[in-house]
Amino acid sequence: MRLLQRSGVCALALVAGTAALQFEPAVLRDLVFDNGSHRMAVGAVRVPLWAAARAQSPETFSLENVRLTFGSTTYEAQRVDFSGVASSRAEVDALLSASSQPLAERLARISAREIRIPELKVRQKVGPETQATVYKNVLLADVLQGRIGQATVGATGVEISDEKTSLTISYGRMAISDVDMPAFARLYETKAVDAASAPLTRIHGAFSIDDIDMVDEQGLSIKVARLAGRDFLARPTRESWTGTTEQFVTLGSRSDDLTEDEQARLLSTLGDFLGAFDIGFIEATGFELKDPSNDGATGRIRRLAYTGATGTQPADARAEGFEVTDKDGSVKIETMSLTGFSLKPTIEALRTTSPDALRDLDPAAMRTLLPTLGTLRISGVDIDTLDKDSDAKSPERIKATLKEFEFTADDPFNSVPTNIRVGLQNFAIALPANSQEDGIKDLLALGYATLDLSFMLSAGWDETTSQLTLREVSAKAEDMGSFSLTGVLGNVGKDVFDPDTAVATVALVDARAKSLELTVQNTGLFDRFLAQTAEEQKTTPEALRRSYGTIAAVAIPSMLGNSEQAKTLSQAVARFIAKPGRLTISAEAKEPGGLGVADLIGLTEPAAALEKLNITAKVE
């Protein structure tokens, strides 16, 4: 019996001892440190009793009532739990105490298996706008020398507000890998002496956010099924990210009342900040917008994506599966993309130009602010909606499609694009049957119910040859016809792109035309015109062809003279009218250097100009 009693007492003592060892006494209280760029306060540090009793470096400890401030941003957590801590006691103490060492250096000494934060509150103020964010169930796993292997957040709520508006945002699960906390801290602590030479450092790797939902005070709702990306890169700014943010707050709070000096300083600061970060890739899928205040209009985007530029790949931004629908109809665009664009020229000019110079920019300085556009493409457009601008009691529907639109402006010289391409492919629109517009009425009378147009302009300048090549100027209308023009201008030097318009004008006058080729093709318009005209004149299309052909054969030589060049032109045009197909006319300057403006000034008749050209023409 005594043995049984003793056993029971021992068991109770063991349980009590174990419970006591698990008790977490506060070993430090009310810690505060402030180095000017940031401030940290900790209400209490708690460790297991056994670690406190033995004065060991604890593998497990907790922080209570933590508050960290970077500039206008404040982080608050009631509790932060560390487990599997591999850092020494001194390294942990250094992180939580006042120190002259930068926070980045102290973070780089922290290693732990897990850091858990049940709730993290972040508050940031920029000008009149306040952003309050609450993160739930934050887990930082595999922390090694301040770098987080994997960070996850269970749910997030955000409220953005100012004096007039508010926006509420919620996120589902959030995950981010390879977070470099020391590098992140350095952004806020470090001032870059030469921001342009400071390399971009990867702050984190891949990330994803599920189920984003945004609602404003008017009920406008935006949802995104998933946001994902990788490789956020950044570097410090001239005044550090803390100083830069403070400047934005100071100047942004009175944006409507800034002096010229302050406006220039704000632009310079903005350029410095925009050049201080980049991202490798980001995309949003399942984008949906609902606007109850606009007749229940809805918008959808299947995918939004941005890919940063690399050494071999240009930057690319795109939207796929765009659709806007309301009670009157819909507008759909399959793809919109912008490739090869760059804001670097603009950012660099803003960053390096002094505030004094920004106040009064000359034309040359204005050019340096121009970005490189690259290539804009829009394809798969489908419009079907009511003509809301019509005065008719029963407005007709607008139905139009576009296969592709392209605009390229790149290869800049002195900030002016030297490669230009503008193209419109198969823009088709149904002609309003009851239209009273003269041009549309004429097309309807010719039997056209739909207008299908294509257009192309392509030109480029070569510095080595000083030539401006007109690669193509063309237009085409389905079941009507087409024309195409190509040519070469020589003696186009770099002075054509001089910011001084007087210098550029003189240089352009010195340009010399070397060759030109025009192609015209009939695919139906001329035949319909002849048929309609013949019916009105009570004759036949064949009779009109003969009549028009004879007029061309006589009229052209009478205007241009009886030179061989004029005869070649008149005969080709007459044959084309007699049997419309394809007409090609080529003109080349007899002088190897080309035909300049000065060569034409002294000429009094068109015939004299033709004598300076070799002209060929053919009809197919």
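Quick caveat: nothing in here was measured; it's all calculated off a predicted structure. (Residues numbered from 1 in each chain as written. Predicted model: local features only at pLDDT ≥ 70, side-chain atom pairs only at ≥ 80, totals over all residues. Heavy atoms only, no water.)

In this section: the confidence of the model for the protein. Chain-level pLDDT for the protein is 83 on average; 89% of the residues reach the 70-or-more range. Of all helices and strands in the protein, the one with the weakest mean pLDDT is helix 1 (residues 2–22) (37), whereas strand 9 (residues 174–180) scores best (95). This model gives residues 49–55 a pLDDT under 50, and the stretch forms 12 contacts once residues within four places in sequence are excluded. (pLDDT = per-residue confidence, 0-100. Helix = DSSP H or I, 4+ residues; strand = E, 2+ residues; numbered from the N terminus. Contact = heavy atoms within 4.5 Å.)

With that settled, consider the environment of F277. Looking at where F277 falls in the secondary structure, it is placed in strand 13 (residues 277–291). Taking C-alpha positions, F277 is 9.8 Å from T237, a pair spaced 40 residues apart along the chain. Apart from the residues within four sequence positions on either side, F277 is in contact with L200, F232, L233 and A234.

Let us look at the pairing of strand 17 (residues 374–386). In terms of strand pairing, strand 16 (residues 329–339) meets strand 17 through nine bridges, oriented antiparallel. Considered in strand 17, the bridge of T339 is made with T375. Relative to strand 18 (residues 397–413), strand 17 runs antiparallel, the two sharing 12 bridges. Bridge pairing in strand 18 places D382 opposite T401. (Pairing = 2+ DSSP bridges.)

Attention now moves to helix 15 (residues 564–578). Compared with an ideal rise of 1.5 Å per residue, which puts 15 residues at 21 Å, helix 15 spans 21 Å between its outermost C-alpha atoms and is within 8% of the ideal. Buried within helix 15 we find Q565, A566, L569, S570, A572, V573, A574, F576 and I577. Where helix 15 is buried, its residues meet strand 23 (512–522), helix 13 (525–536), helix 14 (541–560), strand 24 (582–589), helix 17 (606–610) and strand 26 (613–619). (Expected span 1.5 Å × (residues − 1). Buried < 20%, exposed > 50% of the residue type's maximum accessible area, 1.4 Å probe, protein only.)

The relative placement of two aromatic rings is captured by the distance of their centres and the angle of their planes. Inspection of the entire model under this criterion finds 11 aromatic pairs. Pairing Y306 with F341 gives two aromatic rings, centres 6.3 Å apart and planes at 50°, and the pair type is tilted. Placement of Y306 in strand 14 (residues 297–307) and of F341 in the loop between strand 16 and helix 8 (344–352) is noted, with a sequence separation of 35 residues between them. An aromatic cluster of at least three residues, connected via ring pairs, comprises F184, Y188, F232, W241, F248, F273 and F277. (Phe/Tyr/Trp six-rings, centres within 6.5 Å; stacked < 30°, edge-to-face > 60°.)

Before going further, it helps to examine the pairing of strand 23. Of the strand pairs in this sheet, strand 22 (residues 481–490) and strand 23 are connected by 10 bridges, and their pairing is antiparallel. By the bridge assignment for strand 23, G481 is matched with N522. The sheet contact formed by strand 23 and strand 25 (residues 595–596) spans two bridges and is antiparallel. If you follow R512 over to strand 25, its bridge partner there is G596.

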